[in-house]
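Architecture and fold: a report
As a plain string of letters, each chain reads:
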Amino acid sequence: MTEAGVSEPEATWEVDDEEPGTDPVDLSGEQVTAVLVCHDSTTWLPSALASLAALDPAPDYLVAVNNTPGDEADVLLEAARREGTLDLVVPGRREHGFAEAVEAGLAAADADLLEQTVVPRRGATAPPRRWVWLLHDDVVAEPDVLGELLRHVATEPDLDLTGPTLLVPSRANQPRRLTDSAVGVAGSGRPVPQAEPGEVLQGQLDRPADVLGLSTCGLLVRRDVWDALGGLAPELPVFRDGVELGWRATRAGYRVATTPTAHLVHRRVGRAGLRARSHTGAHPSAVDRALGMTLVAAHRTGPAALLTSLRLVLGCLLRMVGFVLGKAPDRAADEWRALRRYLAGGRTRSRLRERVGAAPATDQGRATAHRLRPRWWYSLRLGVEWVAGAVSDAWRDLGGRRQDTSLDELTGDDFAGREDAGAPWWHAPLALLVGVVLVAGVFGRMLSPGLLTAPQLLPGATTLTTSWGRYLDPVTAADGVVAPPWVGLAALLATPLAGHTDWVLVGVLAGAVGLAFLTARAALRALDVDPVTAVWVSAVWALLPTVLGAAQRGSLLAVGFAVVLPLLLRAATRLVGRPGLESVRGAFGVALAATVLLALQPALLVLLVPAGLLALLLRPRLRAQVAVAVGVPVLLLGPWWPTLVRHPGRWLTGPSPTLAPDEPAAPWRLLLGQTPGPAWFDGGPVPLAVTAPVVLGCLALGLLGLVRRGRQPVVRTAWLVAVLGLAAAVLTSRLVVTVPPYDEAVRPETSGWLLVALGALLVAGARGLPASRLPGALRRAVSVLLVLVLLTVGTAWWVFDGVTGPAERRASRLPPFITSAMADQPVRTLAVDLTGEQTRWNLLTADGPRLGDAERGLPVGAAERAELGALVTRLVATGGDDEATRRLAELQVGFVWVRGAEPVEVTTIGSTPGLQVGSDSPGGRVWTVTAEAPAPPAPAPDPVLRALAVAQLVLLLGVVVMAAPALRREEEDEPVARRGRAVLEQEAGR
C-alpha cells in the first residue's frame, strides 16, 4: 500500500486518468473559509448538504448561517455539523440579507478559528492565501468544484475573484444547460449574462474570461481583497450583489474572471418566487429590476445621477407600457413595483453611492470596468432581437407550423429538444415556394412603371397627406356622407410606407395568392385538418379570387375576403375551443377580422350577429368574449352607420361600387363561378371551362365532408354558411341599388358571397377527408407539386399579363405639364372623354383620381356638379362664353383636357372666350383657362371627424394588441423547486 492508502496500480491509474498535458497543481498554499447562507431552505437544503459532504477537496472551514432560526433547517444543519460536514452553525436574523449573513458567518468563523487554532487541512508550511467561498442553500456542488476554482487561482496568481459555471438542474439523460454565472449590467439596469440562461453547455465557455461581476453563488474571493473592499454591499440584499462587488473590485484594479471548468448546479429558488418571506418577496423579478436600477444609479454622481435616474424611470415606464401591450400584466406589474421600490429607495442609493465613492479605485481599473460593461446600444439590440423573434413566431404561427417530434429526439440526441425540432423556414420547400410566389407576384408588377390600376381599382395616393385626406376630409359631394372605413384602413397600412397607398395595393393584390394560402393553411391547421390536406385545400382557396376573375379586375372585396376570412375562422376557433386568455385573444381576433370584413362588405353583419347569438346559446360562459367579438366592430365602424342608414343600398356593395361591373349575370353562370366583367385575355370574363371545374370540385369536396363527417358541428355550420352564401350571391346579382354620394344605380358585387360559400365548402371537405398515409418524403413532394401548380397559375396574370390584362401599371394620361402645374398651384383639370357614345367628364385634382375618390365624389357640391355637367354639354355642343370661363375659374378649373374630339368639336370648344388653345398631347387636346376669379375658401377640416378618427385608431390599436400573442414568463420546471412551491402553497392554505 502507498502512503495515500491505495495500491500502486490504483495510484498509476489515477495519474493516467488525468487530462493529457495537465500537471498536478499544489493547493497546499490555499486556505478556504466557506459560508453557506440558508433561508427557508428545508426543502432543498438536504441535497445541498449532501453535495458539500462529497467535496474533494473540501473547504478548510465551512460555516452555515441560518437566517430563519427555529425552522426545520436547524435540525438538518446540526446533523451535518455532527457528521463533520459543517464546522459551525450560526443563527442569523430573518430581516438580514445575504451580505449581512455572510459577515456574521465570517465573524463567527474568525473567532472560532482563533480559539481552536485550526490547522489547515492541506498541511501548508508557508502562510497560506486565505479565501472566502460563498454558497447558497439551493446548490448541488460537483465534487471537484472547489478544486477547480483553487487550481485556477493557483495557476493565475493575479486572479482575485472567480466563480464557477452555474448550471440549471437537469434530469437524467438531458443536456446540461447554463444559468447566469458571469453577469454584467446594462445602462438600463438589465443583467447582461455571459451566456443565455437555458443555453446548452457545449464548450462555448471553455476559456476563462475577464468579466465585470459574478454571481455570489460559488463566488471565491481573496480574503484580503474582501477586507479591502468591505465585503458585499448590504444595500443589495439579494440580487446584483455579486456584480456590485465585482464592479468595485475591477475599479480598484483587482481581477475578476470565470473558471469554466468548475461546475455548480444552482436551483435559483429565490428567482422562482420560493422565498416569499425573504428580501426577494413574492415578486422577485420586480426586486431584481429595482436593484439593477439602484446599482446603475449608484455609480453616477452629480447631475449625471439625476439624468440617469430620469432615464431609468422613463425606461421603466416604457417597458411597463410595452408589457401591457404585449398582454403580460404580471410583467407590467413587476415594472410598476420595481419603479415604486426604486423611487422609494433614495437613502439606499445614497448609501450605496457613498460605498462606491469610498472604495479604492485606479485609472486603469476604471478603464477596465468601462471596457467590460456593455455599450449603450445593448438594450436597443435586445429590443431588435425581440421584435425579430416576435415576427418569426408570428410567421411560424401563421403558417400553422407545429413542433413535432424530431428524429434526434427519437434517437436520443442529448442536444435535441422540442424547441430545436423545427427547421429554419428557408429549409422548408413549401415556405420557400410561397415566398417565391409572393416576391414574383409583387415585383412582377412593381418593376413596371406607373401606378397600379384596374377596372375596379383607382390608383393609390403617394403621400401621407393625400392618403389620410381621402378619409379625414369632409365629403363635399353630399351632405351626411362620410368616407368609408376601408379608405382609412388603406391609409393606415400605407403610413409606415410614407403614405404610399399604391405600394400597399401592389403588395396586397399581387401578393394575395400567397397571403391567402398562408392564412387558409393556418386556419385549417387550427381545425386539426391533416397537414397535406390543409396544404392543397389552402392552395385551392388562394386560387379562387383569380378563378372568379375578381383579382384581375382589382376587386379589393375579393382579395380582402380571401386573406381575412381564414383569419376570422382561426380566431373563432380559438375563441370557442381555447380556455382563459387564449379565448379572450380569439374574441379580439374575431373583432379585428370582422372589422375589416364589415368595412369591405357591411351586409356581413347579418351573418355576424346570428353567429354571435348561436355561440351564446351553445356556450353561455363565453358571453363576454362574444360581446367583444360582435360589439367592437360595430363600435369601430360607428361613424359610418349613419351613412349606411341614409343609403341602404351601400349595405350590399363593396369598395368603390360605381366601378363594379354593371351587367347582370345569369344565375346558373354565377353558381358555376363566372362573374361579369373583364378578367380574361380577351377582355371578357373567365371562361366557364376554367371556373366550372373548380366550383364543382369544391362542391364535391363539400359533399364528401357532409357524407363522412355530417354530424360534426363544423361541417354542419360550414354547409349552412355555404347555402346562405350562394343564395346571397344569386339574390344580390338580381338587384340594382343606389349608392352615395350621388345615388347612382349600381349592381352589388357578388364575388365576396361566392368566396364565403366556396370557402365553407372547402372547410367542410377538409374536415371530411381522411388523413394522408403517404410516406413523409412523398407527402412533401406531392404537397409542393400541387402548390407549385396552383399558386403559379394563380399568380400568372400578375407576373406575365401586364400588357393585355385588365389590371396594369401605367403612368398618368394627363400631359406632364398639366400634372406639374396642378402640383405647383391649386388648380383643377376638367377632363372630358368623347371616345364613347356618351360624353363623360371628371374634375381632377392635383394627384388625379385616387383610391377612395369613387365613394367621395367630386370635390364640389351637388349643385356645382350639376352646373359643371350642363357646362360640359354646352362646351361640346355650341361652345361657351365669358360667363362659362369665369365660372370655370371660380371652380378653380385651370385646364380643359378633351379626349376623342372630332375636328368640329375641337373648333367648337376652342371658340369659347377665355380658353387659350394649348398643344396637342398623345392623349387628347388641352385648353388653358385664362379667366381669373377669386379662389373659393378651402373647406375647413371637420374636428368631429378627426376626433372620431383618433378614437377609432386608438381602439383599433387596442384590438390589434389584444389579438396578438401574449408574452409569457418562463416558469421554473425543476422538481425540487416544484416541491418547494407546493409546500408554500400548503402553508398558505393553512
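Parameters and conventions
Residues numbered from 1 in each chain as written. Predicted model: local features only at pLDDT ≥ 70, side-chain atom pairs only at ≥ 80, totals over all residues. Heavy atoms only, no water. Helix = DSSP H or I, 4+ residues; strand = E, 2+ residues; numbered from the N terminus. Buried < 20%, exposed > 50% of the residue type's maximum accessible area, 1.4 Å probe, protein only. Contact = heavy atoms within 4.5 Å. Areas by Shrake-Rupley, 256 points an atom, 1.4 Å probe, with all protein chains shown as cover. Expected span 1.5 Å × (residues − 1). Pairing = 2+ DSSP bridges. Core = buried A, V, L, I, M, F, W, Y, C linked by side-chain atoms within 4.5 Å. Salt bridge = Lys/Arg side-chain N within 4 Å of Asp/Glu carboxyl O. Polar contact = N/O pair within 3.5 Å; in protein donor to acceptor, adjacent residues only side chain to side chain. Phe/Tyr/Trp six-rings, centres within 6.5 Å; stacked < 30°, edge-to-face > 60°. Lys NZ or Arg CZ within 6 Å of the ring centre and 35° of its normal. Patch = residues over 30% accessible without salt bridge, like charges linked within 9 Å, V, L, I, M, F, W, Y side chains within 5 Å. Axes fitted to C-alpha atoms, helices over the stretch in contact; angles between N-to-C directions. Parallel < 35°, antiparallel > 145°, perpendicular 65-115°, else oblique. Left-handed = near helix turned anticlockwise from the far one by under 90°. Nonpolar A, V, L, I, M, F, W, Y, C, P; charged D, E, K, R; others polar. Lys, Arg positive; Asp, Glu negative; His and termini not counted. Right-handed = clockwise from strand over helix to strand, strands pointing away. pLDDT = per-residue confidence, 0-100.

Here's the deal with the overall build of the protein
A count of helices and strands for the protein gives 37 helices and 21 strands. Out of the 990 residues in the protein, the part that is buried amounts to 49%. Sequence-distant contacts in the protein: of pairs separated by 6 or more residues, those separated by 24 or more amount to 78%. Accessible surface, the protein: about 45400 Å² in total, of which carbon and sulfur atoms supply 61%.

Some details on helix α22 (residues 580–600)
Helix length check: α22 (21 residues) gives 31 Å between terminal C-alpha atoms against 30 Å at 1.5 Å per residue, within 8%. With 16 of its 21 residues buried, α22 lies for the most part within the structure.

Some points on the pairing of strand β4 (residues 129–136)
In terms of burial, β4 is largely enclosed, as 6 of its 8 residues are buried. One ladder, built from 8 bridges, connects strand β1 (residues 30–38) with β4; its direction is parallel. Residue pairing in the sheet places Val32 in a bridge with Trp131 of β4. Direction of pairing for β4 relative to strand β11 (residues 220–222): antiparallel, over a ladder of 3 bridges. By the bridge assignment for β11, Val132 is matched with Val221.

A word on the nonpolar core
Inside soluble globular proteins, nonpolar side chains tend to come together where they are buried. The biggest cluster of nonpolar side chains holds 90 residues, and the ones touching the most others in it are Leu457, Trp541, Phe561 and Leu762. Ignoring anything within four residues of it in the chain, the contact list for Phe561 reads Trp541, Pro566, Leu597, Leu600, Gln601, Leu604, Gly752, Leu755 and Val756. Listed in part, the 34 residues of the second largest apolar core include Ala34, Ala73, Leu159 and Cys217.

Thoughts on the pattern of salt bridges
Applying the stated criterion across every chain yields a total of 32 salt bridges. Glu30 is paired through a salt bridge with Arg129; the nearest N and O atoms lie 3.2 Å apart. Remark: Arg129 occurs in strand β4 and Glu30 occurs in strand β1; sequence separation between them is 99 residues. On the basis of relative accessibility, which here comes to 7%, the residue Glu30 falls in the buried class. The class for Arg129 is partly exposed, based on a relative accessible area of 26%. Salt-bridge contacts for Glu335 lead to Arg319; the nearest nitrogen and oxygen are separated by 3.0 Å. You can see Glu335 sitting in helix α10 (residues 329–344) and its partner Arg319 sitting in helix α9 (residues 303–325), a full 16 residues away along the chain. Through salt bridges with shared partners, a single network forms among Glu867, Glu883, Arg886, Arg887 and Glu890.

A word on the side chain of Asp160
Positionally, Asp160 belongs in the loop between α5 (145–155) and β6 (161–168). Of note is the side chain of Asp160, whose polar atom sits 2.8 Å from the backbone nitrogen of Arg255. Not counting residues within four places of it along the chain, the set of residues in contact with Asp160 comprises Trp131, Leu220, Val221, Arg222, Val225, Tyr254 and Arg255.

Quick look at the packing of aromatic side chains
Ring pairs (aromatic) are described by centroid distance and by the angle formed between their planes. Scanning the entire structure with this criterion turns up 1 aromatic pair. Judged by centre distance (5.5 Å) and plane angle (15°), the ring pair of Trp641 and Trp651 falls under stacked. Residue Trp641 is found in helix α25 (residues 641–646), and its partner Trp651 is found in the loop between α25 and α26 (667–671); the two are separated by 10 residues along the sequence. Among the residues examined, Trp651 registers a relative accessible area of 24% and is labelled partly exposed. It is Arg865 that lies over the ring of Tyr742; its NZ or CZ is 3.7 Å from the centre.

What about a nonpolar patch on the surface?
Side chains of Trp376, Trp377, Leu380 and Val384 sit close together on the surface and give an oily, nonpolar patch of about 510 Å² of accessible area. Looking at where Leu380 falls in the secondary structure, it is placed in helix α13 (residues 378–398). Assessed through its relative accessible area of 53%, Leu380 is described here as exposed.

Regarding the environment of Val736
Relative to the elements of secondary structure, Val736 occurs in the loop between α28 (713–733) and β14 (737–739). In contact with Val736, other than residues within four places in its own chain, are Ala745, Val746 and Arg747.

Thoughts on the packing of α22 against helix α36 (residues 943–963)
The contact between α22 and α36 brings their axes to 7 Å, and the two run at 135°. Taken together, the axes of α22 and α36 are oblique relative to one another. Relative to α36, the crossing made by α22 is left-handed. Residues Val584, Arg585, Phe588, Gly589, Ala591 and Leu592 of α22 touch α36, and the partners they reach there are Leu956, Val959, Val960, Met962 and Ala963. For the contact of α22 with α36, a count of residues per class yields 9 nonpolar, 1 polar and 1 charged.

A short note on unusual backbone geometry
At the junction of Asp56 and Pro57, the peptide bond is cis and its omega measures out at 5° in the coordinates. Along the chain, Pro57 falls in the loop between α2 (45–53) and β2 (61–66). The linkage connecting Pro740 with the following residue, Pro741, adopts the cis geometry, with an omega of 5°. Within the secondary structure, Pro741 is located in the loop between β14 and β15 (744–746). If you check the backbone angles, Arg268 has positive phi at about 55° while not being a glycine. Classification of Arg268 as partly exposed rests on a relative accessible area of 22%.

A closer look at the side chain of Glu749
The topology assignment puts Glu749 in the loop between β15 and α29 (751–768). As a buried residue without a salt bridge, Glu749 has its nearest oppositely charged side chain in Arg553, at a separation of 5.1 Å. Reaching out from Glu749, the side chain makes a polar contact with the side chain of Gln456 at a distance of 3.2 Å. Looking at Glu749, its side chain comes within polar contact range of the side chain of Ser555, at 2.5 Å. Apart from residues no more than four positions distant in its own chain, Glu749 is found in contact with Gln456, Ala550, Ser555, Leu557 and Gln601.

Observations regarding the packing of α28 against α29
In contact at an axis separation of 7 Å, α28 and α29 are set at 160° when each is read in the N-to-C sense. In terms of orientation, α28 lies roughly antiparallel with respect to α29. α28 and α29 meet at a crossing whose hand is left-handed. Taking contact as the criterion, the partners of Val714, Val715, Ala718, Trp719, Val721, Ala722, Gly725, Leu726, Ala728, Ala729 and Thr732 in α28 are, on α29, Trp753, Leu754, Val756, Ala757, Ala760, Leu761, Val763, Ala764 and Arg767. Among the residues forming the contact of α28 with α29, the class breakdown is 17 nonpolar, 2 polar and 1 charged.

Digging into the pairing of β1
Judged by how many residues are buried, β1 sits mostly within the fold: 9 of 9 residues are covered. The side-chain alternation of β1 yields two buried faces, one formed by Glu30, Val32, Ala34, Leu36 and Cys38 and the other by Gln31, Thr33, Val35 and Val37. Bridge analysis of β1 against β2 gives 6 bridges, and the strand direction is parallel. Bridging from a neighbouring strand, Val35 pairs with Val63 of β2. Running through α2, the crossover from β1 to the neighbouring parallel element β2 is right-handed.

Quick word on the environment of His152
Mapping His152 onto the fold places it in helix α5. Sequence separation between His152 and Val25 is 127 residues; the distance between their C-alpha atoms is 9.2 Å. Ignoring sequence-local partners within four residues, the contact set of His152 consists of Leu159, Thr162, Pro208, Thr258 and Thr259.

Observations concerning helix α16 (residues 464–472)
Among the residues making up α16, those that are buried are Ser467, Gly469, Arg470, Tyr471 and Leu472. Summarising the contacts, the buried residues of α16 are in contact with α17 (485–494), α18 (501–510), α32 (853–856) and α36.

Quick word on the environment of Arg319
On the basis of relative accessible area, Arg319 is assigned to the partly exposed category, the value being 25%. In the structure, Arg319 is positioned 16 residues away from Glu335 in sequence and 7.1 Å away in space, judged by C-alpha atoms. Residues contacting Arg319, with those up to four places away along its chain left out, are Arg190, Arg289 and Glu335. A polar contact is formed between the side chain of Arg319 and the side chain of Glu335, at a distance of 3.0 Å.

Let's talk about the confidence of the model for the protein
Per-residue confidence for the protein gives a mean pLDDT of 80; residues scoring 70 or more make up 79%. Predicted confidence in the protein is weakest over helix α14 (residues 407–411), with a mean pLDDT of 33, and strongest over β11, with 95. Note that residues 400–429 has pLDDT below 50 and, in this model, 38 contacts with residues that lie over four places away or in other chains.

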